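Listed here are the chains, written in short residue letters.
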Amino acid sequence: MSSSTYPFTAIVGMADMRLGLLLNAISPSIGGVLVRGEKGTAKTTTVRALAALLPEVVTVAGCRFSCDPAAPDPHCPDGPHGGGDGVDDSAVRPARMVELPVGASEDRLVGSLDIERALGEGVKAFEPGLLAAAHRGVLYVDEVNLLGDHLVDSLLDAAATGVSSVEREGVSVRHASRFLLVGTMNPEEGELRPQLLDRFGLTVEVAASRETEERVEVVRRRLAFDEDPAAFAAKWAPEEDTLRERIAAARALLPGVRLGDGALRRIAAVCAGFEVDGMRADIVTARTSAALAAWAGRTDVTTADVRQAALLALPHRRRRNPFDAPGLDEDRLDEILAGFEDEEPDPEPDGPEPDGDGPEGPEDPGGGPDGGPDNGPDGGPDGGGQPPQDAGDAPAATTDVPPQRREPAPQEASASGSDGGGEAPKAPETPAVAAAEPFRTRRFTVPGLGEGADGRRSRALTAHGRTTGARRPRGGALSKLHLAATVQAAAPHQRVRGRSGPGLVVRRDDLREAVREGREGNLVLFVVDASGSMAARKRMSAVKGAVLSLLMDAYQRRDKIGMVTFRGAGAEVALPPTSSVEAGAARLEKLPTGGRTPLAAGLLQAHEVLRVERMRDPSRRPLLVVVTDGRATGGVEPLARAERAAGLLAGSGVASVVVDCEAGPVRLGLAGELGRALGGPVVTLDDLRAENVSALVRTVRNTDSRRAA
């Protein structure tokens, strides 16, 4: 182990995360592990420490794709290997841990093909990507929830099939890519969509320990490591060697583990009892149960193995909507498994179980591994977690699911202006009411053609989508070849270039890349009226249900969201722009109502939020959703000031939509006037429902058409 890598056995707490990683090291067919948790909880540190424990890899010497000399990949671009001349051309190297950066391109992930040489010379000049480098090692994706969908799709396809393919205009390259996939994410920054969550074999939750002594031990060990990494690594070397040997022994034992009919029935009953979609959950739970048995040194799977496997494999597969937190009802799990107590029990192990004590450190009688701050030599976030449990503890003992993450404190900002002069008395407050049942909403889009991040809302020039034209490569790098345009550009010059054979003489200046049109994600900023005029219980419940529905729509369309609320004397940023719709739903649930309606302050605050966000991410176009009845009150000329604030937003080119919440027999139509000032459409709460309209897609019309008229 490198002296710059923090020892796995020295990490304090984090029992579930360590167990999930170890099980994948024993049985990579489990499909990897997704680690969910707050920042600074030793996620990166633990993954890097695990890579140092994996067995060395024997490869074909000089093969860039790490082919196994005993079974080389027949499709290897560097092949064929194994001439049968009896010469040993093998090489041995440590298992690699390859990191996939959030900003990586698709070519960096899967590899790049030199199209110029492929067309002109007929040569498959392929430069391997990260999927090739990770073959037979660990692929670590920090903040996997922030990766583009196309990258996640390529990544998980390779993880599921063990093969990476690159297709460029009829030229195909494929190679083996089998690795232990580890992803980490902070749920506050947004969730993975359910179909991608399902592709991870296991998921674990991590959180910093709240126990004083455990936190002290984390800091003590981290400081000792930072002071002298080599001495610290040497101190823990015996424990690391013991754990490395135990992983190797479990790997060797795994093929002999028997999954009896009783264990399979328990697994099927648990997955059916929790109404998990599909069959992947059953398969992953079965593989995890077998790995747990091998880790404990047994050849038979017990009920305790099935229970522990379910706690790791099922929580992330039970989400029914974006706002459901992953988790598993352990009482329900025990109830299902108790139904099998009358059946013939699984055979007992032939001998006593191995000592459950994993490598214990001289300073850690509990054997728990630790970390420290993320700025250490190994670069990983370190911290305490669950109560200490040794990495070698027999996994037959159930580990409690970590507690739900704490809701982050809202970052609030004062409104740019308020509707009253001077200090205003605190607005009377009506307790928060529950939101009505969410529904499928109409799709609102930003007009024009953007160039933002891939999503599913507005039209945009993207790396993926239908081809609409061709252009010269930008910045000299070719992304997607437009073959017809390239041939058309090269054809007039063939005689001058001395073409004599059937091949086409192609120069770099001839290359054309495809211009593709797809959809982008936008910044959807909600401006929600929480004043007294909205405080009627049924009315506010309907409003919250509508906003919740729009939040769910934003989640499905890969938008960022933010929320500004206004009531009483001013407005506040209830939720700064984020990818976490869960945070938006939580703010909405707790939203109180009461007081005056400072509409102008809410619109001015929205203008400021959008101004700042435009500097941070100029390519992400905003969509403003104002939820109000339009009855501005408080201060001097509240309606006139609201109209001027709306004109400011319209003048800056912000696409808007107004959701008119006015109800009752007497309607003033003020929300309609606000919509005209913003230059956007006005819809009622009922009009938001997709099933209530004939066309499900509606473009937000900005002021351009009206100005043209």
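What you are looking at is a predicted structure, and each value in this text was computed from that prediction instead of being measured. (Residues numbered from 1 in each chain as written. Predicted model: local features only at pLDDT ≥ 70, side-chain atom pairs only at ≥ 80, totals over all residues. Heavy atoms only, no water.)

### Overview of the state of the cysteines
One pass over the structure, following the stated rule, counts zero disulfides. Just so you know, C76 is unpaired, no disulfide at all, and the nearest cysteine sulfur is the one on C67, 3.6 Å from it. Its relative accessible area of 6% is what places C76 among the buried residues. (Disulfide = S-S within 2.5 Å. Buried < 20%, exposed > 50% of the residue type's maximum accessible area, 1.4 Å probe, protein only.)

### Looking at the layout of surface pockets
Here the largest pocket is characterised by a volume of approximately 1300 Å³. Every residue lining the largest pocket is counted, 48 residues in all, and those nearest its centre are G148, H150, G452, A453 and D454. Looking at the lining of the largest pocket residue by residue, the classes come out as 19 nonpolar, 11 polar and 18 charged. A volume near 710 Å³ is recorded for the second largest pocket. Lining the second largest pocket are 31 residues, and of these P28, S29, A159, R178 and F179 lie nearest its centre. Of all the secondary structure elements, the ones that give two or more residues to the lining of the second largest pocket are strand 2 (57-60), helix 6 (149-161), strand 10 (179-185) and helix 11 (280-295). A class-by-class count of the residues in the lining of the second largest pocket yields 16 nonpolar, seven polar and eight charged. (1 Å grid on protein atoms, 1.4 Å probe; cavity = no way out; pocket = protein on both sides within 12 Å on 5 of 7 lines; lining within 4 Å. Points joined across faces, edges and corners; volume = space filled by probe spheres on them. Nonpolar A, V, L, I, M, F, W, Y, C, P; charged D, E, K, R; others polar. Helix = DSSP H or I, 4+ residues; strand = E, 2+ residues; numbered from the N terminus.)

### Structural notes on the packing of helix 1 (residues 15-26) against helix 9 (residues 229-253)
A packed helix pair is summarised by two numbers, namely the angle formed by the two axes and the spacing between the axes. At a minimum axis separation of 9 Å, helix 1 and helix 9 run at an interaxial angle of 50 degrees. On the basis of the axis angle, helix 1 is oblique to helix 9. Facing L22, A25 and I26 of helix 1, the residues of helix 9 in contact are L243, I247, A250 and R251. Taken together, the residues of the contact of helix 1 with helix 9 sort by class into six nonpolar, no polar and one charged. (Axes fitted to C-alpha atoms, helices over the stretch in contact; angles between N-to-C directions. Parallel < 35°, antiparallel > 145°, perpendicular 65-115°, else oblique. Contact = heavy atoms within 4.5 Å.)

### A word on unusual backbone geometry
A cis amide bond links G79 to the next residue, P80, at an omega of 0 degrees. Structurally, P80 is set in the loop between strand 2 and strand 3 (90-93). One non-glycine residue, R136, lies in positive phi territory at about 70 degrees. Mapping R136 onto the fold places it in the loop between helix 5 (130-133) and strand 7 (137-141). The backbone phi angle of E143 is positive, close to 55 degrees, even though this residue is not glycine.

### Focus: the nonpolar core
Counting 65 residues, the largest nonpolar core has W295 and L314 as the members making the most contacts within it. Counting residues per element, this core draws most heavily on helix 11, at nine residues. If sequence neighbours within four positions are ignored, L314 has contacts with V270, C271, F274, V276, A281, T285 and L328. Counting residues in each nonpolar core, the second largest holds 37 residues, with L548, A585, V627 and C661 among its members. (Core = buried A, V, L, I, M, F, W, Y, C linked by side-chain atoms within 4.5 Å.)

### Focus: helix 1
Between its first and last C-alpha atoms helix 1 spans 16 Å; for 12 residues at 1.5 Å apiece the expected length is 16 Å, and the two agree. With 12 of 12 residues buried, helix 1 is to be regarded as a mostly interior element. For helix 1, the complete set of buried residues consists of A15, D16, M17, R18, L19, G20, L21, L22, L23, N24, A25 and I26. (Expected span 1.5 Å × (residues − 1).)

### Thoughts on the environment of R193
In this structure, R193 sits in the loop between strand 10 and helix 7 (194-197). When the C-alpha atoms of R193 and D149 are compared, they prove to be 9.6 Å apart, with 44 residues separating the residues in sequence. With residues near it in sequence (within four places) discarded, R193 still touches D149, D153, R456, Y555 and R558.

### Quick word on the packing of aromatic side chains
In total, this model carries five aromatic pairs according to the counting rule given. Relative to W236, the ring of F232 has its centre 6.2 Å away and its plane inclined at 40 degrees; by these criteria the two rings are tilted. Of the two residues, F232 and W236 are both situated in helix 9; the distance of four residues between them amounts to about one turn of the helix. Clustering of aromatic rings is evident, with ring pairs tying together Y6, F225, F232 and W236. Sitting above the plane of the W295 ring, R246 keeps its charged end 3.9 Å from the centroid. The ring of F439 carries the charged tip of R689 above its face, separated from the ring centre by 4.0 Å. (Phe/Tyr/Trp six-rings, centres within 6.5 Å; stacked < 30°, edge-to-face > 60°. Lys NZ or Arg CZ within 6 Å of the ring centre and 35° of its normal.)

### Concerning the confidence of the model for the chain
Parts of the model with low pLDDT should not have their predicted coordinates read in detail. For the chain, the average pLDDT comes to 80, and 79% of its residues sit at 70 or higher. No element of the chain has a lower mean pLDDT than strand 22 (residues 697-699), which averages 42, and none a higher one than helix 11, which averages 95. A low-confidence stretch, residues 693-709 stays under pLDDT 50, and its non-local contacts, those more than four residues away or across chains, total 39 contacts. (pLDDT = per-residue confidence, 0-100.)

### Concerning empty space enclosed by the protein
Tallied over the full model, the rule gives four cavities of 30 Å³ or more. Space inside the second largest cavity adds up to approximately 60 Å³. For the second largest cavity, the full set of lining residues is T441, R442, F444, R457, V524, F526, L550, D553, L623 and V625. Looking at the lining of the second largest cavity, the elements with two or more residues in it are strand 16 (523-529), helix 15 (537-556) and strand 19 (622-628). Per-class residue counts for the lining of the second largest cavity are six nonpolar, one polar and three charged.

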